[in-house]
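Per-entry structural report
Each chain, written out:
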Amino acid sequence: MKIPSSSHIHMLSYLVVLLLLPLLSFSADPDSLQDFCVADQSAISISVNGFPCKPASEVTSDDFFFDGLSKVGDTSNIFGSNVTGGNVLTFPALNTLGISMNRVDFAPGGVNPPHSHPRATESGVVIEGKLLVGFVTTGNVYHSKVLTAGQMFVIPRGLVHFQKNVGVGKALVIAAFNSQLPGAVVLPFTLFASTPSIPDDILTRAFQVEEKVVESIKSKFSS
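Worth saying up front: this structure is predicted, and the values here are computed from it rather than measured. Sequence positions are assigned chain by chain, starting from 1 and proceeding in written order. A pLDDT threshold of at least 70 governs which residues receive local features in this predicted model, and a stricter bar of 80 or more applies before side-chain atom pairs are shown or counted, although totals over entire chains, interfaces and linings include all residues. Remark: hydrogens and water are excluded; side-chain values derive from all non-hydrogen atoms of the structure.

Counting from the N terminus, the helices are DSSP H or I runs at least four residues long and the strands are E runs at least two residues long. In terms of regular secondary structure, the protein chain is built from 4 helices and 10 strands. Seen in sequence order, the protein chain has helices and strands lined up from the N terminus as α-β-β-β-β-β-β-β-β-β-β-α-α-α. Throughout, exposure labels follow a simple rule: accessible area from a 1.4 Å probe, protein chains only, divided by the maximum for the residue type, with under 20% read as buried, over 50% as exposed, and the rest as partly exposed. Within the protein chain, the fraction of its 223 residues that count as buried is 30%. Once local pairs closer than 6 in sequence are excluded, the contacts in the protein chain between residues at least 24 apart make up 67%. Where accessible areas are quoted, they stem from the Shrake-Rupley method and a 1.4 Å probe; at the residue level, only the protein chains shown are allowed to cover. Carbon and sulfur atoms make up 62% of the accessible area of the protein chain, which amounts to about 14,500 Å² in all. Only heavy atoms matter for contacts: two residues are in contact if any of them lie within 4.5 Å across the pair.

As structure tokens, this is what we get:
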């Protein structure tokens, strides 16, 4: 019997890896191995992609219900909008389930400023009012549309987007995410109110403005 040479064995190994690569690229997070994992936010423990589970014996029916999105948000701020989060931090039963929702209230003329969600795609429904919704692709293409009650939008994961109330009264949106904690990078705060702050010379070069313009913008977001 002919014994395969080392070069043949290496070649076979390469072929096996090439055959497995497509399977690896299509793999996803494993399904949960329990019915639920209500977050124990008081637990002192190292965790990855979630919180430790509350002991099942301590879980009650109330853990699976949340009324936070029923409350109207306070829009008396510089943007005229308010985001109420229904994520794992406020609704612990969402832990490990990969979903969350937000309520966004708008005063007349209010804006949910340009921002992105690094961990989730967003899908929203206009419940009340008239809203301009827009986002920008990584190729710098701007997509937008004015929506009214009952109409829906989607923002692909990680893309910069915004909403503006262009109606005469209040507006309300309910948004859903495919993450228990989608995160939000709100560009005005990220760029002009970080701690420590981004050096002025970086911002003046990036936006091609004078330093006094950057200082003026920063002063509007200082606490």
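So much for the structure itself; the text now carries on.
We call a set of buried Ala, Val, Leu, Ile, Met, Phe, Trp, Tyr and Cys residues a nonpolar core when their side-chain atoms join them within 4.5 Å. Membership of the largest hydrophobic core comes to 15 residues, with the highest contact counts inside it found for F106, L131, V133, F153 and V173. Of all the secondary structure elements, the ones that give two or more residues to this core are β2 (100-106), β5 (130-136), β7 (152-155) and β9 (171-177). For this core, the element with the highest residue contribution is β9, accounting for 4 residues.

Here the focus is the UniProt feature "binding site: Mn(2+)" (unreviewed entry) in the protein chain. UniProt positions are given in the numbering used here, feature names are shortened, and annotations may be inferred rather than shown by experiment. When the UniProt feature table is mapped to this numbering, "binding site: Mn(2+)" (unreviewed entry) covers H115, H117, E122 and H161. Taking the farthest pair of C-alpha atoms as the criterion, the annotated set spanning 47 residues converges on one region, since that pair is 11.8 Å apart. Its place among the elements puts H115 in strand β3 (residues 111-116). Residues contacting H115, with those up to four places away along its chain left out, are L159, V160, H161, Q163, V185, V186 and L187. Any N or O atom pair separated by 3.5 Å or less is treated as a polar contact, with the protein-specific requirement of one donor-capable and one acceptor-capable atom, and with residues adjacent in sequence counted only for side-chain atom pairs. A distance of 2.6 Å separates a polar side-chain atom of H115 from the backbone oxygen of P113. Excluding residues that lie within four positions of it along the chain, E122 makes contacts with H117, F153, V154, I155, H161, Q163, A175, A176 and F177.

Bringing the state of the cysteines into the picture now. Pairs of cysteine sulfur atoms within 2.5 Å are what we label disulfides. Counted by the stated rule, this structure contains 1 disulfide. Across a sulfur-sulfur distance of 1.9 Å, C37 and C53 are joined as a disulfide pair. For the disulfide bridge between C37 and C53, the dihedral angle about the S-S bond is near -105°, and by the sign convention the bridge is left-handed. Placement of the pair is C37 in the loop between α1 (6-25) and β1 (81-86) and C53 in the loop between α1 and β1, with a sequence separation of 16 residues.

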